[in-house]
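Tertiary structure, described
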Amino acid sequence: MFGAFIIGDEIIVGKRQDKHLLFVIEALAKRGLRLSWAQYLGDEPERLAAALRISFSTTDIVFSFGGIGATPDDHTRQCAAAALNLQLRLHPDAEKEIRGRFGGETTPERLAMGEFPAGAKIIPNPVNRIPGFSLGEHHFVPGFPQMAWPMVEWLLDTHYRERFDSQKWGEASILVFEAGESQLIPAMKAVEAAFPAIKVFSLPSMGADGSRIHVELGVRGEPAQIAAAMDALRREVGKACFPYK
């Protein structure tokens, strides 16, 4: 499974609006992959370390956005190390990139951006050469979309190409008018029982945009089963909404 952490108080307090979630969903979808979960976290070391400790215990492939700088409010590098009981060390490849970027203006503070948990590998940054880092299947990139997004694209295309198209899914839906969600539950359950590779979803609308009150009812999952599942869903909706016809 693929997951994402989006880190930073600026997101939590509303100072900046997150753009990473939609990006990672679309980047995966273009490659026939899917995001299974995402979590927003502020710059709170204990909570961040605890969340990372849990995700490190899984086999998930995780992209983490933000908090890898060297200012006092950046804790992601330290928390990743703490989650695995590792020490932070100046990575030689990161040092090379940072010195290549700043030359004679390289300072200890700038070199601190290359201090990663022991055993980490660097992720090239095509914008300013300040790298991110990978620990196993966890990949840590900056919070700036201009840097983070090409780094994630590079990771996918370099390390996960063999997984492309392994999570393809299809989707189809209908609009059901003059019916409540509770009325449609039996139809949804019947279709999911008949098609184990399909999830049935419902999205009610209160008609705030000028449309009639309705429920978007659909199926999502194995592409080869979408058409048959939709046919079954239409039949079940007919039974639920028009039982005497």
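Everything that follows concerns the structure shown earlier in this document.
Residues numbered from 1 in each chain as written. Predicted model: local features only at pLDDT ≥ 70, side-chain atom pairs only at ≥ 80, totals over all residues. Heavy atoms only, no water.

Focus on unusual backbone geometry
Worth spelling out the cut-off: Helix and strand definitions here come from DSSP, where helices need a minimum of 4 consecutive H or I residues and strands a minimum of 2 consecutive E residues; each element is numbered from the N-terminal end. In this scheme, a residue with accessible area under 20% of its type's maximum is buried, one over 50% is exposed, and one in between is partly exposed, where area comes from a 1.4 Å probe on protein chains only.
The phi angle at Asp165 is positive, at roughly 70°, despite the residue not being glycine. Secondary-structure assignment places Asp165 in the loop between helix H7 (145-159) and strand S9 (170-177). We classify Asp165 as partly exposed; its relative accessible area is 46%. In this structure, Glu178 is a non-glycine residue whose phi angle is positive, near 60°.

Regarding the packing of aromatic side chains
Heads up, the condition is: Only rings of Phe, Tyr and Trp enter the pairing, Trp through its six-membered ring, and a pair is recorded when the two centres are within 6.5 Å. The plane angle decides the type: under 30 degrees is stacked, over 60 is edge-to-face, the rest tilted. Should the NZ of a Lys or the CZ of an Arg lie within 6 Å of a ring centre and within 35 degrees of the ring normal, that charge is described as sitting over the ring.
Tallying each qualifying case throughout the model produces six aromatic pairs. For the ring pair Phe2 and Phe63, a centre distance of 6.4 Å and an interplane angle of 10° mean the geometry is stacked. Separated by 61 residues along the polypeptide, Phe2 in strand S1 (residues 2-7) and Phe63 in strand S3 (residues 61-65) bring together distant segments of the chain. When sorted by exposure, Phe2 lands in the same class as Phe63, which is buried. On the basis of an interplanar angle of 10° and a centroid distance of 4.5 Å, the ring pair of Phe133 and Phe140 is categorised as stacked. Taking relative accessible area as the criterion, Phe133 reaches 0% and is therefore assigned buried. Within the aromatic cluster, the residues linked to one another by ring pairs are Phe2, Phe63 and Tyr160. Above the face of the Phe102 ring, Arg101 is positioned so that its terminal group lies 4.7 Å from the ring centre.

Focus: the packing of helix H8 (residues 181-194) against helix H9 (residues 226-241)
Rule in force here: Convention adopted: a line fitted to C-alpha atoms gives each axis, helices being fitted over their contacting stretch, and angles between N-to-C directions are expressed from 0 to 180 degrees. Roughly parallel here means an angle under 35 degrees, roughly antiparallel means over 145, roughly perpendicular means 65 to 115, and every remaining angle is called oblique. For a crossing to be left-handed, the near helix must be turned anticlockwise from the far one by less than a right angle; the clockwise case is right-handed. Residues are treated as being in contact if the distance between any of their heavy atoms lies within 4.5 Å. Under the convention adopted here, Pro, Cys and the residues Ala, Val, Leu, Ile, Met, Phe, Trp and Tyr are nonpolar, Asp, Glu, Lys and Arg are charged, and Gly plus all remaining residues are polar.
Two numbers describe how H8 lies on H9: the axes approach to 9 Å, and their chain directions differ by 150°. Classed by the angle they form, the pair H8 and H9 counts as roughly antiparallel. In the crossing of H8 with H9, the sense of the turn from one axis to the other is right-handed. Residues Gln183, Leu184, Ala187, Ala190 and Val191 of H8 pack against Ala229, Ala232, Leu233, Glu236, Val237, Ala240 and Cys241 of H9. Its residues assigned to classes, the contact of H8 with H9 shows ten nonpolar, one polar and one charged.

Overview of the environment of Gly218
Positionally, Gly218 belongs in strand S11 (residues 214-221). For Gly218, a relative accessible area of 0% puts it in the buried group. Separated by 16 residues in the primary sequence, Gly218 and Arg234 have C-alpha atoms spaced 9.6 Å apart.

Some words on the layout of surface pockets
Using the following cut-off: Of the two site types, the cavity is a set of points on a 1 Å grid over the protein atoms alone where a 1.4 Å probe fits but cannot get out, and the pocket is an open set with protein on both sides within 12 Å along at least five of seven lines, each lined by residues with an atom within 4 Å of a point. Grid points are joined across faces, edges and corners, and a volume is the space filled by probe spheres set on the points.
A volume near 710 Å³ is recorded for the largest pocket. Lining the largest pocket are 32 residues, and of these Gly66, Gly67, Pro142, Gly143 and Phe144 lie nearest its centre. Looking at the lining of the largest pocket, the elements with two or more residues in it are S1, helix H1 (9-12), helix H6 (108-111) and H7. Class assignment of the residues belonging to the lining of the largest pocket gives a composition of 13 nonpolar, ten polar and nine charged. Roughly 200 Å³ of internal volume is contained in the second largest pocket. Along the walls of the second largest pocket sit Gly119, Lys121, Ile122, Ile123, Ser134, Gly136, Glu137, His139, Trp154, Leu155, His159 and Tyr160, which together make up its complete lining. At the level of elements, strand S6 (121-123) and H7 are the ones that each hand at least two residues to the lining of the second largest pocket. Considering only residue class, the lining of the second largest pocket consists of five nonpolar, five polar and two charged.

These results come straight from atomic positions and should not be treated as a statement about function.
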